[in-house]
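A structural walkthrough
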Number of protein chains: 2
Amino acid sequence: MITYKEAEIRSEVIKAMAHPVRLMVIEVLKDGNKSFSELMEYFDVDKSTLSKHISVLKVAGIVSSHKDGLESIFGVQVPCVTEFFSCVTAVIKDKIKQQQCCIRPAE
Amino acid sequence: MITYKEAEIRSEVIKAMAHPVRLMVIEVLKDGNKSFSELMEYFDVDKSTLSKHISVLKVAGIVSSHKDGLESIFGVQVPCVTEFFSCVTAVIKDKIKQQQCCIRPAE
DNA sequence: TTACTTATTGGCAAATTAGCCAACAAAGAA
DNA sequence: TTCTTTGTTGGCTAATTTGCCAATAAGTAA
């Protein structure tokens, strides 16, 4: 079994992914590094909001960044997050399946 | 790319895992179904607190349950959550590695 | 029925997270 | 230097999450 302390550390990483904007940032970065302004195009949020979301991902160790002149370039730090979501998808698919068996057919 | 709506759905599942108690519940249930009182032994929280955490996992579709007499029995609904954490572990290991390169050796 | 055991739900206060605007910092251009 | 562009940080409110206690089911036993 894992200790509570270990669970806390893991949950910090998972918590960092537990937001739609941050999930999409990871999805976008999977296909290659992007600048901040490129990432901005995907979202309808204030730049400060996106910047803080990216910061959360950086602190968690999921995303890395470097400066290139005026621009900030971001990338996925740990490649396996790419595969991370297959299980999430499986959970969602299963949930839909479970729900279907309970949907009452139209009379 | 995934849509924002899709990201919201995924983040609901991930959010359900983003708590140390809920992570440990999943870890414990990986090794087989457990009753509520068996799960209680692992945590120093009120029974209402644990019950609500389990409820979050059920709503997310990660955990299933059934009644057996007076007892509630819980199990992992989607087996792949077992493998789910290998990437989280990778992120943590990488983060530790990154930090080590920055630790100043004792003088 | 009454009593007991097991778990869930309601309600509330404390803690955390999210998102906006404004101010600031850093780097290049004029 | 001053202006501009790019992104981060501070500060604040709103929304969400957490966890406790108390009250309530839902079974079982006497």
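As a reminder, the structure under discussion sits directly above these lines.
Below is a summary of the structure that appears in this document. Model, not experiment: these values are computed from the prediction.

Each side of the interface is counted separately: chain B has 41 residues, and chain A has 41 residues. Carbon and sulfur atoms make up 79% of the area that chain B and chain A hide from each other, which totals about 3600 Å². Ranking the residues of chain B by area buried against chain A places Met 1, Arg 10 and Ile 14 of chain B at the top, with a combined share of 16%. Seen at the junction of chain B and chain A, the total is two salt bridges. Of the charged contacts in the structure, one is a salt bridge between Glu 27 of chain B and Arg 10 of chain A, with a shortest N-O distance of 2.9 Å. Linking chain B with chain A are six residue pairs in polar contact (both at pLDDT 80 or more), by the criterion used here. Contributing elements (two or more residues each) for the side of chain B that touches chain A: helix H1 (4-17), helix H2 (20-30), helix H4 (47-60) and helix H5 (81-100) of chain B. If one sorts the elements of the side of chain B that touches chain A by residue count, H5 of chain B sits on top with 12 residues. Here the residues of the side of chain B that touches chain A sort into 28 nonpolar, seven polar and six charged.

This model, assessed by the stated rule, comprises two aromatic pairs over all chains. Ring centres of Tyr 42 of chain A and Phe 43 of chain A lie 6.5 Å apart, and the angle between their planes is 55°; this geometry places the pair in the tilted category.

Moving on: the protein's contact with DNA strand C. Taken together, 20 residues form the shell around DNA strand C, and within it Ser 48 and His 53 of chain A together with Ser 48, Ser 51 and Lys 52 of chain B come nearest. Of all atoms in DNA strand C that approach within 4 Å of the protein, 54% are sugar or phosphate atoms. Within the backbone of Phe 36 of chain B, one N or O atom sits 3.5 Å away from a phosphate oxygen of DNA strand C. Contact distances for DNA strand C include 3.4 Å between a phosphate oxygen and a backbone N or O atom of Ser 37 of chain B. When residues of the surface near DNA strand C are traced back to their parent elements, those giving at least two are helix H4 (47-60) of chain A together with helix H3 (36-40), H4 and strand E3 (71-76) of chain B. Taken together, the residues of the surface near DNA strand C sort by class into four nonpolar, nine polar and seven charged.

Another aspect to go through is a negative patch on the surface. Together, Glu 38, Glu 41, Asp 68 and Glu 71 of chain A make up a negatively charged patch on the protein surface. Locating Glu 41 of chain A in the fold gives a position in the loop between helix H3 (36-40) and H4.

Attention now goes to the relation of the copies chain B and chain A. The two copies are related by a screw operation: chain B maps onto chain A through 180° of rotation and 0.0 Å of translation along the axis, at an RMSD of 0.1 Å. Here the two chains are linked by the operation of a two-fold rotation axis.

Residue and element names in this part refer to chain B. Taken as a whole, this structure holds 10 salt bridges over all chains when the rule is applied. Across the pair Glu 8 and Lys 5 runs a salt bridge whose closest N-O atoms are separated by 3.8 Å. A residue pair is termed a helical-turn pair when its members lie 3 or 4 positions apart in one helix, as Glu 8 and Lys 5 do in helix H1 at three residues. For Glu 8, a relative accessible area of 30% puts it in the partly exposed group.

Conventions adopted
Residues numbered from 1 in each chain as written. Chains lettered and ligands numbered in written order. Predicted model: local features only at pLDDT ≥ 70, side-chain atom pairs only at ≥ 80, totals over all residues. Heavy atoms only, no water. Contact = heavy atoms within 4.5 Å. Buried area = accessible area lost by both parts, 1.4 Å probe. Salt bridge = Lys/Arg side-chain N within 4 Å of Asp/Glu carboxyl O. Polar contact = N/O pair within 3.5 Å; in protein donor to acceptor, adjacent residues only side chain to side chain. Helix = DSSP H or I, 4+ residues; strand = E, 2+ residues; numbered from the N terminus. Nonpolar A, V, L, I, M, F, W, Y, C, P; charged D, E, K, R; others polar. Phe/Tyr/Trp six-rings, centres within 6.5 Å; stacked < 30°, edge-to-face > 60°. Near = heavy atom within 4 Å. Patch = residues over 30% accessible without salt bridge, like charges linked within 9 Å, V, L, I, M, F, W, Y side chains within 5 Å. Areas by Shrake-Rupley, 256 points an atom, 1.4 Å probe, with all protein chains shown as cover. Lys, Arg positive; Asp, Glu negative; His and termini not counted. Charge placed at Lys NZ, Arg CZ, Asp CG, Glu CD. Least-squares fit on C-alpha atoms with pLDDT ≥ 70 in both. Buried < 20%, exposed > 50% of the residue type's maximum accessible area, 1.4 Å probe, protein only.

Purely geometric stuff here, so don't read any function into it on its own.
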